Amino acid sequence: MTQNPATEDPNLDAAANAPEQAQAAEGSSEARIAALQAERDDLKDKLLRTLAEMENLRRRTEREIADARAYAVTSFARDMLGSSDNLRRALESVPEAAKAGTDATLKALHDGVELTERELLKTLERHGVRRVDPQGEKFDPNLHQAMFEAPDPATPKGIVSKVVQVGYKIGERVLRPALVGVSAGAPKAAEPPAGEAGGDKPASH
């Protein structure tokens with residue numbers, strides 16, 4: 001009778017395949033870990049971007065609120081400048097001799113107008129509006145508007161020599177530029193006519 005060959009032991013096959021299965025499982029775990037790390041990094045990046053955007057939004061909102069508070073009275077303040085100008089014109093229209101005179105009524109009227117002007121300027125300052133009187137200062141095109149330029153031997157070139165109308169600022173913004181005249185410096189000396197620049201005239205023969 002022929003003897004059947006011995007059947008293969010399944011335990012031996014499983015043992016032989018164990019290293020490959022372990023390696024495959026290890027590779028799958030590493031891939032899964034790498035995928036999770038990539039997902040974590042992506043979520044972290046999105047979170048940091050969102051936090052940065054929220055911080056920028058918070059700062060921008062705070063700045064807009066501060067500007068709204070500081071400049072809310074801009075239109076009203078600009079309308080009040082005409083009243084301030086009229087008070088100043090009224091004070092400047094009174095001659096010095098009349099101010100020093102004995103007319104008590106005129107003096108009381110002058111003092112009342114002057115007090116009204118001071119109170120108006122104080123009220124404007126409480127709301128961030130400041131007067132700009134640049135007499136004797138260097139001309140600044142951001143704050144001043146030049147109406148003319150004229151020679152002035154007593155004032156260096158580029159200095160405000162006359163204030164035609166004072167300006168005003170609200171916060172860091174110009175509410176109204178000051179209208180000014182700017183010094184062109186000392187006038188140039190007249191050049192002597194040709195032939196008289198120097199030296200003796202040639203002797204006539």
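Coordinates for the structure precede this section.
The shown structure was predicted, so the numbers you read here are calculated from the model rather than taken from an experiment.

Here the focus is the overall build of the protein. Of the regular secondary structure elements, the protein holds four helices and six strands. Shown N-terminal to C-terminal, the secondary structure of the protein runs as helices and strands in the order α-α-α-α-β-β-β-β-β-β. Every one of the 205 residues in the protein was classed for burial, and the buried ones make up 19%. For the protein, restricting intrachain contacts to residue pairs at least 6 apart in sequence, the fraction spanning at least 24 positions comes to 66%. In the form shown here, the protein has an accessible surface area of approximately 15900 Å², with 55% of it arising from carbon and sulfur atoms.

Here we have three strands laid out as an open sheet, ordered 1-4-5, and antiparallel in their pairing. Here the strands that pair on one side only, and so sit at the sheet edges, are strand 1 (129-132) and strand 5 (173-176). The average undirected angle you get between the axes of adjacent strands in this sheet is 35°. Sheet analysis places strand 1 next to strand 4 (residues 167-170), joined by four bridges and oriented antiparallel.

Turning our attention to a nonpolar patch on the surface. Taken together, the side chains of Leu47, Leu48 and Leu51 present a nonpolar region at the surface, about 300 Å² in accessible area. Inspection of the secondary structure puts leucine 47 in helix 1 (residues 10-71).

All right, on to the nonpolar core then. Formed by 19 residues in total, the largest nonpolar core has its most connected members in Ala77, Leu124, Val129, Tyr168, Ile170, Leu175 and Val180. For this core, the elements supplying multiple residues, two or more each, are helix 2 (74-92), helix 4 (104-126), strand 3 (160-165), strand 4 and strand 6 (178-183). Sequence-distant contacts of tyrosine 168, defined by excluding residues within four places in its chain, comprise Leu81, Ser84, Leu121, Val129, Arg130, Arg131, Val132, Val174, Leu175 and Arg176.

Below, the discussion takes up the side chain of serine 84. Note that serine 84 resides in helix 2. Here tyrosine 168 takes part through its side chain, which lies 2.8 Å from a polar atom of the side chain of serine 84.

What follows concerns the packing of aromatic side chains. Counted by the stated rule, this structure contains zero aromatic pairs. One residue, arginine 173, lies across the ring of tyrosine 71, its end atom 3.7 Å from the ring centre.

Before going further, it helps to spend a moment on the side chain of arginine 176. Inspection of the secondary structure puts arginine 176 in strand 5. Residue arginine 176 is classed as buried on the basis of its relative accessible area, which comes to 16%. Within the local environment of arginine 176, its side chain forms a polar contact with the side chain of aspartate 85, the two groups lying 2.7 Å apart. A polar atom in the side chain of arginine 176 sits 2.7 Å from the backbone oxygen of valine 166.

Moving on to the sheet that holds strand 6. As summarised here, the arrangement of the three strands in space is 2-6-3, forming an open sheet in which the pairing is mixed. Bordering the open sheet on either side are strand 2 (144-150) and strand 3, each of which pairs with just one other strand. Here the strands of the sheet are splayed against their neighbours by 30° on average, with no regard to which way each runs.

Conventions we followed
Residues numbered from 1 in each chain as written. Predicted model: local features only at pLDDT ≥ 70, side-chain atom pairs only at ≥ 80, totals over all residues. Heavy atoms only, no water. Helix = DSSP H or I, 4+ residues; strand = E, 2+ residues; numbered from the N terminus. Buried < 20%, exposed > 50% of the residue type's maximum accessible area, 1.4 Å probe, protein only. Contact = heavy atoms within 4.5 Å. Areas by Shrake-Rupley, 256 points an atom, 1.4 Å probe, with all protein chains shown as cover. Pairing = 2+ DSSP bridges. Axes fitted to C-alpha atoms, helices over the stretch in contact; angles between N-to-C directions. Patch = residues over 30% accessible without salt bridge, like charges linked within 9 Å, V, L, I, M, F, W, Y side chains within 5 Å. Salt bridge = Lys/Arg side-chain N within 4 Å of Asp/Glu carboxyl O. Core = buried A, V, L, I, M, F, W, Y, C linked by side-chain atoms within 4.5 Å. Polar contact = N/O pair within 3.5 Å; in protein donor to acceptor, adjacent residues only side chain to side chain. Phe/Tyr/Trp six-rings, centres within 6.5 Å; stacked < 30°, edge-to-face > 60°. Lys NZ or Arg CZ within 6 Å of the ring centre and 35° of its normal.

Note that every value here comes from positions in space, so none of it alone points to a role or purpose.
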